[in-house]
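Spelled out, the chains give:
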Amino acid sequence: DGHDCLERVGVLVDSASEWARSRVTICCTQSAGNVVLHIDDGGPGVPDAALGELGQRGKRLDESRNGNGLGLAIAHEIATLNGGRLEFSRSDAGGLSVLLALPA
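My aim in this report is to walk through the structure given alongside it, one point at a time. It should be emphasised that the depicted structure is a prediction, and the values quoted were computed from it without experimental measurement. (Residues numbered from 1 in each chain as written. Predicted model: local features only at pLDDT ≥ 70, side-chain atom pairs only at ≥ 80, totals over all residues. Heavy atoms only, no water.)

1. A word on the sheet that holds strand β4 (residues 96-103)
- Here 4 strands make up an open sheet; going across it, the order is β1-β2-β4-β3 and the pairing antiparallel. Each having just a single partner strand, β1 (24-31) and β3 (85-90) make up the two edges of the open sheet. Going from strand to strand, the sheet's axes swing by 15° on average, the running direction of each strand aside.
- Two strands pair when backbone bridges link them, and β3 and β4 are joined in this way by 6 bridges, in the antiparallel orientation. Within the sheet, the bridge partner assigned to Arg85 lies in β4 and is Ala101.
- Its contacts with the sheet place helix α2 (residues 71-81) against β3 and β4, and it is angled at close to 130° to β3. (Pairing = 2+ DSSP bridges. Helix = DSSP H or I, 4+ residues; strand = E, 2+ residues; numbered from the N terminus. Axes fitted to C-alpha atoms, helices over the stretch in contact; angles between N-to-C directions. Contact = heavy atoms within 4.5 Å.)

In structure tokens, the structure reads:
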């Protein structure tokens with residue numbers, strides 16, 4: 001659904017801009033029948049050991065900020081329900097890198 005897609009991209013970009021110290025980089029490509037969106041931020045990043053916890057419903061890695069831990073979880077669920085995937089890794093800029101791949 002186009003609305004779901006825009007909403008999830010908005011959540012991902014909003015999260016990146018909240019954590020970024022100076023910039024957010026967004027790149028969109030098409031590969032192997034998928035639209036692939038990469039969002040990288042220059043924020044503090046997430047410890048490698050905690051990357052697997054991102055996208056779990058109700059899981060928040062930083063309790064000092066507002067939020068309910070649902071944004072990334074809903075984005076993950078929507079990606080999965082639509083035959084896509086959402087992956088988290090360390091950004092070259094030092095922060096978080098998010099890859100959202102959805103069937104074209």
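2. Remarks on the pattern of salt bridges
- Counted under the stated rule, the structure contains 2 salt bridges.
- Notably, a salt bridge pairs Asp48 with Arg90, separated by 3.5 Å at the nearest N-O pair. Remark: Arg90 occurs in strand β3 and Asp48 occurs in the loop between β2 (34-41) and α2; sequence separation between them is 42 residues.
- For Arg90, a relative accessible area of 41% gives the class partly exposed.
- For Glu87, the salt bridge is made with Arg85, and the minimal N-O distance between the two is 2.6 Å.
- Judged by relative accessible area, which is 38%, Arg85 ranks as partly exposed. (Salt bridge = Lys/Arg side-chain N within 4 Å of Asp/Glu carboxyl O. Buried < 20%, exposed > 50% of the residue type's maximum accessible area, 1.4 Å probe, protein only.)

3. Description of the pairing of β2
- By the bridge criterion, 8 bridges tie β1 to β2 in an arrangement that is antiparallel. Residue pairing in the sheet places Cys28 in a bridge with Leu37 of β2.
- Between β1 and β2, which pair antiparallel one after the other, the connecting turn spans 2 residues, and Ala32 there sits at a positive phi close to 50°.
- Strand direction decides the pairing type here: β2 and β4, joined by 7 bridges, are antiparallel. Its bridge partner lying in β4, Val35 is registered against Leu102.

4. Section: the packing of helix α1 (residues 2-19) against α2
- With their axes 10 Å apart at the nearest point, α1 and α2 run at an angle of 140° to one another. Crossing angle aside, the handedness with which α1 passes α2 is left-handed. Each of Asp4, Arg8, Val11 and Leu12 in α1 lies in contact with α2, whose residues at this interface are Gly71, Leu72, Ile74, Ala75 and Ile78.
- Per-class residue counts for the contact of α1 with α2 are 6 nonpolar, 1 polar and 2 charged. (Left-handed = near helix turned anticlockwise from the far one by under 90°. Nonpolar A, V, L, I, M, F, W, Y, C, P; charged D, E, K, R; others polar.)

In short, geometric facts, not functional conclusions.
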